[in-house]
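Take a look at the letters that make up each chain.
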Amino acid sequence: TAQLELQHCRSALPIVMSDEHNPFKSQTQQQQQQQALDGYTRSAQQTTPPLRGPQASLPGLTTSDSHAQHGSHKLPSQMSSLVQHLSSFGGQQPSASGSLFGVSGQPALSGAQETFTLPQALDRLALLMAKLDMHAGQLAAGGAATLQSLPPEHEVLALLRQAAALALACANREEAAIAMAQKVFKRMFEQIAATGAAGRLHTQLNVQLLSRLHAACPKVGRFVLEYLMHTDDEHKYNEEVVLLLLHAQVIQMSELSSHLAKQMDGGRNAAAVAFSAWLVRRCLVDEPVVSAADCADMLQVLSKLAQQRAPTEGPQRLLDDVRAVLAAGAKPRPAAPQSAQHAPPPVDGELDAAGLRAREQVLPLWLEWLGIYQQQNQSDKAYAAYLNTLHQNGWMRHNERGEHFLRISCHAALSAATDAATTDAAAKPAIAFAPLDAFSKLILLLIKSVPAETADGARPKVQLQLLTRVLSVTIHHLIRQHQAMQYEQRPHAFNQRAYLRLFGSWLFDLNAPDPALDAIQPQILYAFCSAFNALKPSRLPGFAFAWLELVSHRMFMPKLLLLKGHKGWPLLQQLLVNGLFAFLQPFLAAAELSPPVRVLYRGALRVLLVLLHDFPEFLCDYHFFFCDAIPPSCIQMRNLILSAFPRNMRLPDPFTPNLKVDLLPEIAQPPRILAPFSNALARNGFLHELDAFLTNHSPYSFLRELRGHVQNADGTHKAGVISALVLHVGAHAIASMQSTHAASAGLAHSAHMEIYQQLTADLNAEGRYLFLNAIANQLRYPNNQTHYFSCVLLYLFSEAADERVQEQITRVLVERLIVHRPHPWGLLITFIELIKNPRYSFWSKTFTRCAPEIERLFESVARSCMAPGGAPGAADAHHADAAAQ
């Protein structure tokens, strides 16, 4: 197709490239084009600006396969609505206005093909780009955000075809194509700072120009990749540009992976590491469009880095997500033909000739099963006869035939359930539950009816294989349906209730006590964990509400947490932290809660309330993960987590007069924290220096360098590193005091307190707020860490030379107390000590009397904290529930 297109462009070249053959061209048009050419000549002489500017968001990538050819892997050509149209330009006849200077019916030059020198080709390329810029401005003004909206006969498409024809018409095709590509590439990053629709259109047009030049000269792709990877510009990792280049197959993922693996430099190049992690997540996890083999070099380096990093951060979290997606059966799909680029992906998957023959055989079997299921008097004998037919005909074997049966049956059930979809965006999509219940029942019977010994292996193994295949088929159908509705711009038509019904039915049936399923009971939950990881809201926002209901399902979450040895705890933690709160975090941090996000937030609060009431130890052990994932502005949500305490503990009343906290028996016990928080410090390269300072109390130069370790290059603060630093130093301090039997009076002269005081003095207001919040996050139920960090916070208040620090400490405490209960026990005893102990002179501070409303606020909080009342904790959960209404 590419060769035919280039031949067609070559034959049209005399009309396209010559001014003298256009008698209708006015003098004004000539002047405008000359001005545009002069502008491009001037811009081409300038140096290349930063390669990263404000970026336009891209929709997700659709799934497709990568093909290996001549030792390189080609990225599949299916993608989302933004870029799906880009690869289909070509093969169309020029329109009436298709030539740069010609008109319809203009005769071609007679004689030999015209040949251009390199300067002539560059001049004509400048005019062509000026024409494209004019069209981009017109399209943006008309409301077109992407090239997808262009009809096949649009002049822009003809102009793009002329770029390849121009390169083919040069005497030295390779030299001309590379010189032209260099000019286009520089121009692309000169225009990348443009925002809005015009900026996105410019980027897409430039990538298409590079794609056409690459078709004329394959060495253009290698040049673009080398130029992109070896430029000295620190902003060269532009996500939008790289994605478009990959999709247009100008560069290949396998070659890009090799370059990025070298540039990561063992983790020392933070920008390359961050970009590589983003690229793997985008193309292999969120929307699998490449295989793991294409990203092998990047994955190998990231795997080495993951051994030194916290499980919730960076490479380790990414690798866990990759394993979950691969375990769920997500595979790249084959590239669609050029003729199918404009059509949305079929939701039932691509069927070859064997699949079409299987459809003709499976659909009658499905209709037969529907008839059996809908009988009023359902009979086990009828079930057994039907299942026996399936087994005898090989439909249940773990092979291609069995795969066709599951895919076709699943598609038939879901199509029958959702065919009566409404076109009203405000109305709830119609659904018929009978086909879904029939399919769910069929799968249950198939799993339970697996013989004790089969040709595929032992019964538990075959049962798990069948369940995994069923979940994979359903997930595949769900993703394709979700993408199809997004492509058609009908997101309201996606019916998540159908998939909720299927998954919910299987959770009920497969987790019910049954001798036929007892042997695979734990593995069933693991399979659903992998499935829910593959369907998390960041990947499928349209499935977010059903996803949250499934994760919190009474036949899933409690059973997962009740597994022996707490084997299900890390799995649920990953679902909630990496799935739910990672999705909510950008919305919560920006405080922009649309009505759907607000409902999802309330649902998250209710899940935390259930955990606080029934499984408080889970929140106790994983509080570090949750607090790191929740923005500082979500005060009540964080209070829910920090208010958890073990069920075998009875909280002392914090309002007891003259309560001696240091004499409580629980205050000497260490809490259990299932988070390797120190890995975040090792990742940033100062864990060994920190431990050396804490042990030897030297060198003091470390204190001066500490602020640089918790800040990014742009001055922003690393909240996760600050939290890990606070907890690591506190744990080290408690261990030191216990080993040396030091009294708390020695707190003031320790290396640990010097670190805390140095951070308090060096950090700006934003960094200090994150630091004080990290300390307040350890004020929980009675344990030695709560006691230690309470003393640290009070000491920082008393020794602060600047009243602004004292005001900020007060803010961190008060903002956690003025929200609805529950309130953490450690938070209450710290604030009560602060306002009651005359040592701190709290009421003499000017910020407590700066305004009448502030003074009334402090008096109200003081009365509520000092009045007798019940102990806070899970018993006050209904107050938070009321706030969530």
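Here the structure is a predicted model, which is why all the values come from computation and not from measurement.

Participant: Looking at this structure, I do not really get the overall build of the protein chain. What am I missing?
Facilitator: The helix and strand inventory of the protein chain stands at 37 helices and 4 strands. Counting all 885 residues of the protein chain, 54% fall into the buried class. Pairs at least 24 apart in sequence give 77% of the contacts found in the protein chain among residues at least 6 apart. Only carbon and sulfur atoms are counted for the fraction: they give 53% of the accessible area of the protein chain, which is about 37,200 Å².

Participant: Looking at this structure, how should I read helix H20 (residues 544-551)?
Facilitator: An α-helical turn contains 3.6 residues, so a residue and the one three or four places further along point in the same direction. Along H20, 6 of the 8 residues are buried, which leaves the element largely enclosed by surrounding structure. Every buried residue of H20 is accounted for by Ala544, Ala546, Trp547, Leu548, Leu550 and Val551. Those residues of H20 that are buried are in contact with helix H18 (496-510), helix H19 (521-534), helix H21 (557-561), helix H22 (569-590) and helix H23 (595-614).

Participant: Sorry, what's going on with the pattern of salt bridges here?
Facilitator: Where charged atoms from two side chains of opposite charge come close, those side chains can pair. Taken as a whole and assessed by the stated rule, the structure comprises 10 salt bridges. Notably, a salt bridge pairs glutamate 174 with lysine 219, separated by 3.3 Å at the nearest N-O pair. Residue glutamate 174 is located in helix H5 (residues 173-190), and its partner lysine 219 is located in helix H7 (residues 219-230); the two are separated by 45 residues in the primary sequence. As a salt-bridge pair, glutamate 815 and arginine 811 come within 3.3 Å of each other at their nearest N and O atoms. With glutamate 815 and arginine 811 both in helix H34 (residues 803-817), this residue pair falls 4 residues apart, about one helical turn.

Participant: Teacher, can you tell me more about the nonpolar core here?
Facilitator: The nonpolar side chains of a soluble globular protein tend to be buried, and buried together. Core analysis: the largest hydrophobic core is formed by 185 residues, its most contacted members being Phe503, Phe543, Leu611 and Phe618. Residue contacts for phenylalanine 543: discarding those within four places in its chain leaves Leu478, His482, Phe494, Gln496, Tyr499, Leu500, Phe503, Leu535 and Leu550.

Participant: Got a minute to help me understand the packing of aromatic side chains in this structure?
Facilitator: Tallied over the entire structure, the rule returns 30 aromatic pairs. With centroids separated by 6.3 Å and ring planes inclined at 65 degrees, the aromatic side chains of tryptophan 366 and phenylalanine 439 adopt a geometry described as edge-to-face. With tryptophan 366 in helix H13 (residues 353-373) and phenylalanine 439 in helix H16 (residues 433-448), the pair connects residues that are 73 residues apart, well separated along the chain. Residue tryptophan 366 is classed as buried on the basis of its relative accessible area of 4%. Taken together, a centroid distance of 6.0 Å and an interplanar angle of 35 degrees make the contact between tryptophan 395 and phenylalanine 405 tilted. Placement of the pair is tryptophan 395 in the loop between helix H14 (380-392) and helix H15 (400-418) and phenylalanine 405 in helix H15, with a sequence separation of 10 residues. Judged by its relative accessible area of 1%, phenylalanine 405 falls in the buried class. Every member of this aromatic cluster is reached through a ring pair, and the members are Trp366, Phe439, Phe503, Trp506, Phe528, Phe532 and Phe556. The ring of tryptophan 395 carries the charged tip of arginine 401 above its face, separated from the ring centre by 3.7 Å. Above the plane of the ring of phenylalanine 433 lies arginine 501, whose end atom (NZ or CZ) is 4.2 Å from the centre.

Participant: Explain the packing of helix H9 (residues 253-263) against helix H11 (residues 296-306) here, please?
Facilitator: Helix-helix packing is characterised by the crossing angle of the two axes and by the distance between the axes. Two elements in contact, H9 and H11, have axes separated by 7 Å at closest approach and are oriented at 30 degrees. By the angle class used here, H9 and H11 are roughly parallel. Taking contact as the criterion, the partners of Met253, Ser254, Ser257, Ser258, Leu260 and Ala261 in H9 are, on H11, Ala296, Asp297, Met298 and Val301. When the residues that make up the contact of H9 with H11 are grouped by side-chain class, the tally is 6 nonpolar, 3 polar and 1 charged.

Participant: Would you take a moment to explain the side chain of threonine 474 for this structure?
Facilitator: Its location among the elements puts threonine 474 in helix H17 (residues 459-487). Given the relative accessible area of 0%, threonine 474 is considered buried. At a separation of 2.9 Å, a polar atom in the side chain of threonine 474 contacts the main-chain carbonyl oxygen of valine 470. With residues near it in sequence (within four places) discarded, threonine 474 still touches Cys410, Tyr499, Leu502, Phe503 and Trp506.

Participant: Mind showing me how you'd approach the environment of arginine 539 here?
Facilitator: Positionally, arginine 539 belongs in the loop between H19 and H20. Through-space distance from the C-alpha of arginine 539 to that of valine 285 is 8.4 Å; in sequence the pair is 254 residues apart. Here the side chain of arginine 539 touches alanine 534 through a polar contact of 3.0 Å, landing on its backbone oxygen.

Participant: Explain H16 here, please?
Facilitator: Between its first and last C-alpha atoms H16 spans 23 Å; for 16 residues at 1.5 Å apiece the expected length is 22 Å, and the two agree. Inspection of H16 places Pro435, Leu436, Asp437, Ala438, Phe439, Ser440, Leu442, Ile443, Leu444, Leu445, Leu446 and Ile447 among the buried residues, and these make up the whole buried set.

Participant: Whenever I open this one, unusual backbone geometry confuses me. Can you help?
Facilitator: For residues that are not glycine, phi is negative in most cases, and the peptide bond is trans in most cases. The residue after serine 698, namely proline 699, is reached through a cis peptide bond having omega -5 degrees. In this fold, proline 699 is placed in the loop between helix H28 (687-696) and helix H29 (701-709). Of the consecutive residues arginine 821 and proline 822, the connecting peptide bond is found in the cis state with omega at 10 degrees. Structurally, the position occupied by proline 822 is in the loop between H34 and helix H35 (825-836). Within the chain, histidine 566 stands out as a residue other than glycine whose phi angle is a positive 55 degrees. Of note, histidine 566 is situated in the loop between H21 and H22. In this structure histidine 566 comes out as partly exposed when scored by relative accessible area, which is 34%.

Participant: Is there a simple way to explain the state of the cysteines in this structure?
Facilitator: Joining two cysteines, a disulfide is a covalent bond between their sulfur atoms. Considering all chains together, one arrives at 0 disulfides under this definition. Summary of cysteine pairing: cysteine 295 is not part of a disulfide, and the nearest cysteine sulfur, belonging to cysteine 283, is at 6.9 Å.

Participant: What exactly am I supposed to notice about the packing of H28 against H29 here?
Facilitator: Put simply, H28 and H29 touch, their axes get as near as 12 Å, and they point 145 degrees apart. Relative to H29, the crossing made by H28 is left-handed. Together, Glu689, Leu690 and Phe693 of H28 and Phe702, Leu703, Glu705 and His709 of H29 make up the contact between the two elements.

Participant: Just checking my understanding: could you explain the confidence of the model for the protein chain for this structure?
Facilitator: Note: predicted coordinates in regions of low pLDDT should not be interpreted at a detailed level. Mean pLDDT over the protein chain stands at 77; residues scoring 70 or higher make up 75%. Of the regions scoring below 50 in pLDDT, residues 309-313 engages in 19 contacts with residues more than four places distant in sequence or in other chains.

Participant: What's the story with the environment of valine 290 in this structure? I'm lost.
Facilitator: Summarising the element assignment, valine 290 is placed in the loop between helix H10 (270-286) and H11. C-alpha of valine 290 to C-alpha of valine 280: the two residues are 10 residues apart in sequence and 9.2 Å apart in space.

What counts and how
- Residues numbered from 1 in each chain as written.
- Predicted model: local features only at pLDDT ≥ 70, side-chain atom pairs only at ≥ 80, totals over all residues.
- Heavy atoms only, no water.
- Helix = DSSP H or I, 4+ residues; strand = E, 2+ residues; numbered from the N terminus.
- Buried < 20%, exposed > 50% of the residue type's maximum accessible area, 1.4 Å probe, protein only.
- Contact = heavy atoms within 4.5 Å.
- Areas by Shrake-Rupley, 256 points an atom, 1.4 Å probe, with all protein chains shown as cover.
- Salt bridge = Lys/Arg side-chain N within 4 Å of Asp/Glu carboxyl O.
- Core = buried A, V, L, I, M, F, W, Y, C linked by side-chain atoms within 4.5 Å.
- Phe/Tyr/Trp six-rings, centres within 6.5 Å; stacked < 30°, edge-to-face > 60°.
- Lys NZ or Arg CZ within 6 Å of the ring centre and 35° of its normal.
- Axes fitted to C-alpha atoms, helices over the stretch in contact; angles between N-to-C directions.
- Parallel < 35°, antiparallel > 145°, perpendicular 65-115°, else oblique.
- Nonpolar A, V, L, I, M, F, W, Y, C, P; charged D, E, K, R; others polar.
- Polar contact = N/O pair within 3.5 Å; in protein donor to acceptor, adjacent residues only side chain to side chain.
- Expected span 1.5 Å × (residues − 1).
- Disulfide = S-S within 2.5 Å.
- Left-handed = near helix turned anticlockwise from the far one by under 90°.
- pLDDT = per-residue confidence, 0-100.

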